[in-house]
Amino acid sequence: MTISTAGAGAPARPVEGAHARLTSGTVLSTSPVDSPAAARGALTMEALHLSRDFRLTRGTTLSAVHDVSFGLYSSAVVALVGESGSGKSTVAKMLAGQELATSGTIELAGRPIEVLRRRQFRRYKNQVQYVFQDPFASLNPVHTVRYHLARPVRLHRPVGSRRQLEEELVRVMQQVRLTPAEPFLDKYPHELSGGQRQRVAVARALAARPSVLLADEPVSMLDVSIRLEMLNVLDELRRNFQLAMLYITHDIASARYFADEVLVLYAGEVVERGPAEELTQQPAHPYTQLLVSSAPDPDDLGSILRRGGRAAIHQAGEGAAGVSGCRFHPRCSLADDRCRRDVPPLMRIGRDRAAACWRVDVAAPAALRAISGPTAPADPAGAPGQGPQEQQPDQSSRGGLR
Ligand SMILES: Nc1ncnc2c1ncn2[C@@H]1O[C@H](COP(=O)(O)OP(=O)(O)OP(=O)(O)O)[C@@H](O)[C@H]1O
Ligand code: SF4
Ligand SMILES: [Mg+2]
């Protein structure tokens, strides 16, 4: 997130062509990385250079999302991780067609969303379903579960008779493990637990037979004891229906557990992306290192979900508005003059990993050493494997909060 007083939201970043030079001299490619989610299935949806500015008061623009690109693949989960206000929901709303992008393109099955006419756009909105954080807010309190599910079931499934409709309703409820289904159908939202309400919300989304599910913090408002169970339900649905899923969360530990690829958002920009396991085991960007360190035992997801694990993350980006250069610099112990001046582009630190940090070789020398092949032309001033990035990291100056 950036606030500017000029017309455009975010400041221009230096154009470096296909390469960028780290402060140490090492040259890295800025070309797009492969997505680890592509191993699961076909590309279903693509976000290309999405940005969203909000006009605030006279002459002030908030750049809530800036130049975000990623693909969603069938049967795969991509997680968007970041603190409150980092732009996660704005990205999801643009994908869902609820919010217009200021610039950039969204494609579903290769077709840009902008070219869709009214009826095609309605079909698009059925294909791309959005599950909200708060199941109470997304269900109408004056209607029963049956009412919420019957309309999408009738619209999207062949139900001729009342009996067939009933059978379909039961089937949809079973898919989200609300069983036995019959007693739930005539209940009102306030008669359900938080977890049951969220399952009804997911069942309603599934009833439209979507190819993409955007799950915006689907477990954060649930009782701690049932968060893992809900993630398991979503994981089963991903597999059974080959859903391409965007999982939005504050909690990097649950992203590791649940996602194939993780994109870390800071102040509206992707600062790191990569395979979920690798990125959380060996975070490269100082902000990702902060997120991981605030979830002390990444192997114990249960305890992290129980503790909540988000207080430190919540505070991490306050004050990013109006910051020049790298948005994270006021909180980064590695920040130097260049960090305060120039916006770092996303640079490849592996075939399927990238980080936006001028000093990534100092912040995460091991992650950079793990590059399997050359990502840039040989550079005598500092090719990977030579020069300053090989020095042992100074533990006292590792990236993180000051
Ligand atoms: N309609 C709007 N008008 C103005 N500003 C907005 C609007 N919607 C979102 N914003 C701002 O854009 C930024 C990103 O908001 P967004 O809701 O995408 O964040 P988020 O990462 O989903 O946060 P949270 O984790 O709290 O849900 C915030 O600063 C928010 O205040
Ligand atoms: S080292 Fe510099 S570029 Fe990297 S995160 Fe810190 S402030 Fe940003
Ligand atoms: Mg949100």
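Provided above is the structure to which this section pertains.
To start, this report covers the structure provided alongside it. (Residues numbered from 1 in each chain as written. Chains lettered and ligands numbered in written order. Predicted model: local features only at pLDDT ≥ 70, side-chain atom pairs only at ≥ 80, totals over all residues.)

## Focus: the site of ligand 2
Our working definition: We call a residue near a molecule or strand when the C-beta position, derived from backbone atoms, sits within 6 Å of it. Note on residue categories: nonpolar means Ala, Val, Leu, Ile, Met, Phe, Trp, Tyr, Cys or Pro, charged means Asp, Glu, Lys or Arg, and polar means any other residue, Gly included.
Contacts to ligand 2 come from 14 residues, most closely from Cys 326, His 329, Cys 332, Cys 339 and Cys 357. Its residues placed into classes, the shell around ligand 2 shows 10 nonpolar, 3 polar and 1 charged.

## Focus on the site of ligand 1
Defined as follows: Only DSSP runs of H or I covering at least 4 residues are called helices, and only runs of E covering at least 2 are called strands; the numbering of each starts at the N terminus.
In the vicinity of ligand 1 lie 12 residues, with Phe 54, Ala 64, Ser 84, Ser 89 and Thr 90 positioned nearest. Put simply, the parts of the chain that give the shell around ligand 1 at least two residues each are strand E5 (61–73) and helix H1 (88–95). At 3 residues, the largest contribution of residues to the shell around ligand 1 is made by H1. Considered class by class, the residues forming the shell around ligand 1 number 4 nonpolar, 7 polar and 1 charged.

## Structural notes on the packing of helix H4 (residues 145–156) against helix H5 (residues 162–175)
As a reminder, the rule being used: Between N-to-C directions, angles cover 0 to 180 degrees, with each direction set by a line fitted to C-alpha atoms, over the stretch in contact for helices. The scheme is simple: roughly parallel for angles under 35 degrees, roughly antiparallel for over 145, roughly perpendicular for 65 to 115, oblique for anything else. Contact criterion: two residues are in contact if their C-beta atoms, reconstructed from the backbone, are within 7 Å.
Between H4 and H5, the shortest axis-to-axis distance is 10 Å and the interhelical angle comes to 110°. With respect to each other, H4 and H5 are oriented roughly perpendicular. From H4, Arg 146, Leu 149, Ala 150, Val 153 and Arg 154 reach across to H5, where they touch Leu 165, Glu 168, Leu 169 and Val 172. Per-class residue counts for the contact of H4 with H5 are 6 nonpolar, no polar and 3 charged.

## Quick word on the pairing of strand E11 (residues 244–249)
We count it as follows: Comment: burial labels come from other C-beta atoms within 10 Å of the residue's own C-beta, placed from the backbone, where a count of 20 or more is buried, 12 or fewer is exposed, and between is partly exposed. Here, a strand pair is defined by DSSP locating no fewer than two bridges between the strands. Think of it like this: strands point away, you trace from the first strand over the helix to the second, and a clockwise trace means the crossover is right-handed.
Buried residues dominate E11, accounting for 6 of its 6 residues. Residue alternation in E11 divides its side chains into two sets, Ala 244, Leu 246 and Ile 248 and Met 245, Tyr 247 and Thr 249, and both sets are buried. Of the pairings in the sheet, the one linking strand E6 (residues 77–81) to E11 comprises 5 bridges and is parallel in character. Bridge pairing links Val 81 to Thr 249 in E11. Across 5 bridges, strand E10 (residues 212–216) lies against E11 in parallel orientation. The partner of Leu 213 across the bridge, within E11, is Met 245. After leaving E10, the chain enters helix H8 (residues 227–240) and then returns to the sheet as E11, a path that is right-handed.

## Quick notes on H1
Counting buried residues along H1, 7 of its 8 residues qualify, which places the element largely inside the surrounding structure. Buried within H1 we find Lys 88, Ser 89, Thr 90, Val 91, Ala 92, Met 94 and Leu 95. Trailing H1 by a residue or two, Gly 97 shows a phi angle of about 80°, which is positive.

## A few points about the nonpolar core
This is how the line gets drawn: In this usage, the nonpolar core is the set of buried Ala, Val, Leu, Ile, Met, Phe, Trp, Tyr and Cys residues whose C-beta atoms join them within 7 Å. In this entry, domain limits derive from an automatic or database-based domain assignment.
One finds Ala 79 and Leu 246 to be the most contacted residues of the largest nonpolar core, which totals 111 residues. When residues of this core are sorted by domain, at least three fall in each of domain 1 (2–104 + 246–397) and domain 2 (110–210).

## Section: the sheet that holds strand E9 (residues 128–131)
Sheet strands pair via backbone hydrogen bonds, and the direction of the pair is either parallel or antiparallel. Read from one edge of the open sheet, 8 strands run E9-E10-E11-E6-E12-E13-E15-E14, paired in mixed fashion. Taken across any chain shown, the strands that pair with only one partner, and hence form the sheet edges, are E9 and strand E14 (347–350). If you compare each strand with its neighbour and ignore which way they point, the axes differ by 20° on average.

## Things to note about the pairing of strand E13 (residues 269–275)
Most of E13 is tucked away: 7 of the 7 residues are buried. With 6 bridges connecting them, strand E12 (residues 261–266) and E13 associate as antiparallel partners. Paired with Glu 261 across the bridge in E13 is Pro 275. The antiparallel hairpin formed by E12 and E13 contains 2 residues in its connecting segment, where Ala 267 sits at a positive phi of about 50°.

## Let's talk about unusual backbone geometry
The step from Thr 179 to Pro 180 runs through a cis peptide bond, and the omega angle for that step is -10°. Along the polypeptide, Pro 180 turns up in the loop between H5 and helix H6 (182–185). Phi is positive for His 49, which is not a glycine, with a value near 50°. Here His 49 shows up in strand E4 (residues 43–55). Of note, the phi angle at Ser 75 is positive, near 65°, even though the residue is not glycine. By the secondary structure assignment, Ser 75 is in the loop between E5 and E6.

By themselves, these observations are geometric and do not establish any function.
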